[in-house]
Amino acid sequence: MPALGWGFAGVLGTVAGLLIAPVTYLEPGMMMSVLLYAFAAAMLGGLNSPAGAVAGGLLFGVL
């Protein structure tokens, strides 16, 4: 069941990417600003703690 779930998620992700490709201009650095904010939030909350990273994201978003 877990392998089937991962496979299904992969297929849906691929189909979503194929459907959005003609609408938006896709480039490798497209999500760089989001990645920068996510990295800053993870550093604020701690890299070893998922709950701390979420708390850091919320704190970074409010500020």
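Going along each chain's sequence as written, the residues are numbered from 1 onward. For this predicted model, a pLDDT threshold of at least 70 governs which residues receive local features, and a threshold of 80 or more governs which side-chain atom pairs are given and counted, while totals over whole chains, interfaces and linings are taken from all residues. Remark: hydrogens and water are excluded; side-chain values derive from all non-hydrogen atoms of the structure.

A.B. asks: Is there a simple way to think about the overall build of the protein in this case?
C.D. replies: Across its full length, the protein holds three helices and zero strands. Here a strand is any run of E in DSSP of at least two residues, a helix any run of H or I of at least four, and the numbering for each starts at the N terminus. Tracing the protein from N to C terminus, the helices and strands come up as α-α-α. Here the globule rule reads 2.2 Å times residues to the power 0.38, and the radius of gyration is calculated from C-alpha atoms. Relative to a compact globule of 63 residues, whose C-alpha radius of gyration would be 11 Å, the protein shows 16 Å and is clearly more extended. Within the protein, the fraction of its 63 residues that count as buried is 6%. Note on exposure labels: buried denotes an accessible area under 20% of the residue type's maximum, exposed denotes more than 50%, and partly exposed covers the range between, all computed with a 1.4 Å probe on protein chains only.

A.B. asks: Hey, could you run me through the confidence of the model for the protein in this one?
C.D. replies: One rule of thumb: low pLDDT means the predicted coordinates there are not for detailed reading. Confidence of the prediction at every residue is given by pLDDT, a number between 0 and 100. Model confidence for the protein is summarised by a mean pLDDT of 83, while 100% of its residues fall at 70 or above. No element of the protein has a lower mean pLDDT than helix H2 (residues 32–45), at 81, and none a higher one than helix H1 (residues 2–20), at 90.

A.B. asks: Is there a simple way to think about the UniProt feature "transmembrane region" (unreviewed entry) in the protein in this case?
C.D. replies: UniProt positions are given in the numbering used here, feature names are shortened, and annotations may be inferred rather than shown by experiment. Sequence positions flagged by UniProt for "transmembrane region" (unreviewed entry) are, in local numbering, residues 6–27 and 34–60. Overall, residues 6–27 shows 68% helix and 0% strand. The separation of its end C-alpha atoms is 25 Å. Summarising residues 34–60: 85% helix, 0% strand, and an end-to-end C-alpha distance of 13 Å.

A.B. asks: Is there a simple way to explain H2 in this structure?
C.D. replies: It helps to recall that an α-helix has 3.6 residues per turn; residues three or four apart then point in one direction. Between its first and last C-alpha atoms H2 spans 20 Å; for 14 residues at 1.5 Å apiece the expected length is 20 Å, and the two agree. Count one or two residues on from H2 and you reach Gly 46, which has phi positive near 110°. To estimate how far a helix should extend, the number of its residues minus one is multiplied by 1.5 Å.

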